[in-house]
Amino acid sequence: GKEDAITENYSPSADDNVILTGIAGDRYSMGFLGCAYYFLNREKVRALKISPTENVADAVELTPETVQSGSYTPLSRPLFIYVRESSLKRQEVEDFVRYTLNEGQSRVESVNYVPLSDADLAVSREAFEAAVK
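Described in the following lines is the structure provided in the data block. These figures come from a predicted structure and were not determined experimentally.

**Section: the packing of aromatic side chains**
Enumeration over the complete set of coordinates arrives at two aromatic pairs. Geometrically, the ring pair formed by tyrosine 38 and phenylalanine 39 is tilted, given 5.7 Å between the ring centres and 55 degrees between the ring planes. Overall, the relative accessible area of 15% leaves tyrosine 38 in the buried class. Taking 5.8 Å as the distance between ring centres and 35 degrees as the angle between the ring planes, the aromatic pair formed by phenylalanine 80 and tyrosine 82 counts as tilted. This pair shows no difference in class: phenylalanine 80 is exposed, exactly as tyrosine 82 is.

Okay, here's the thing in structure tokens:
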């Protein structure tokens, strides 16, 4: 009943499989886990719609599109890799980042993650290329 508070009556776990099993087995339970686990297990659990306003009609469903656009917030977030600029002088680091931003993008959806938008991917590639010059 308090804003920004969470109940103390819960079973903490960092293991998404444990969380998924727990919430799938109890109709009235709730858990937080990565959307990849949800996308793989839609038949076992359902995701809450999130409303950015007090109006329930504004509620947003969890879909790859709402995650990618940032509208399924605050329960979705981007994942980042951070590379020290000096580390980019090492060929294996440069190769890894280059692979991640190019060929590796084909693997993102295969593991049920949400890919970057074309615009965000272009910005990331541009920043990387500027850093390796």
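**Some remarks on the pattern of salt bridges**
Enumeration according to the criterion identifies three salt bridges in this entry. In the salt-bridge network here, residues are joined through shared partners; they are Glu94, Arg98 and Glu129.

**Considering the layout of surface pockets**
Once rolled over the atoms, a probe with the size of a water molecule shows which space is left empty. Here the second largest pocket is characterised by a volume of approximately 650 Å³. Of the residues in the lining of the second largest pocket, the class split is nine nonpolar, seven polar and three charged.

**Section: the environment of valine 132**
The topology assignment puts valine 132 in helix H6 (residues 118–132). In this structure, the C-alpha to C-alpha distance between valine 132 and tyrosine 37, residues 95 residues apart in sequence, is 35 Å. Beyond its immediate chain neighbours, meaning those up to four positions away, valine 132 contacts Leu88, Glu94 and Arg98.

**Overview of the side chain of serine 76**
Its place among the elements puts serine 76 in the loop between helix H3 (64–69) and helix H4 (91–101). Taking the relative accessible area as the measure of exposure, serine 76 reaches 18% and is therefore buried. A polar contact of 2.4 Å, which involves the side chain of serine 76, links it to the backbone oxygen of tyrosine 72.

**With respect to the packing of H4 against H6**
Where H4 contacts H6, the two axes come as close as 10 Å, and the packing angle between them is 160 degrees. Judged by the inter-axis angle, H4 sits roughly antiparallel to H6. Here H4 runs over H6; the crossing is left-handed. Every residue of H6 that contacts H4 at Glu94, Val97, Arg98 and Leu101 is listed here: Leu121, Ser124, Arg125, Phe128, Glu129 and Val132.

Parameters and conventions
Residues numbered from 1 in each chain as written. Predicted model: local features only at pLDDT ≥ 70, side-chain atom pairs only at ≥ 80, totals over all residues. Heavy atoms only, no water. Phe/Tyr/Trp six-rings, centres within 6.5 Å; stacked < 30°, edge-to-face > 60°. Buried < 20%, exposed > 50% of the residue type's maximum accessible area, 1.4 Å probe, protein only. Salt bridge = Lys/Arg side-chain N within 4 Å of Asp/Glu carboxyl O. 1 Å grid on protein atoms, 1.4 Å probe; cavity = no way out; pocket = protein on both sides within 12 Å on 5 of 7 lines; lining within 4 Å. Points joined across faces, edges and corners; volume = space filled by probe spheres on them. Nonpolar A, V, L, I, M, F, W, Y, C, P; charged D, E, K, R; others polar. Helix = DSSP H or I, 4+ residues; strand = E, 2+ residues; numbered from the N terminus. Contact = heavy atoms within 4.5 Å. Polar contact = N/O pair within 3.5 Å; in protein donor to acceptor, adjacent residues only side chain to side chain. Axes fitted to C-alpha atoms, helices over the stretch in contact; angles between N-to-C directions. Parallel < 35°, antiparallel > 145°, perpendicular 65-115°, else oblique. Left-handed = near helix turned anticlockwise from the far one by under 90°.

These figures come from the coordinates and say nothing about function on their own.
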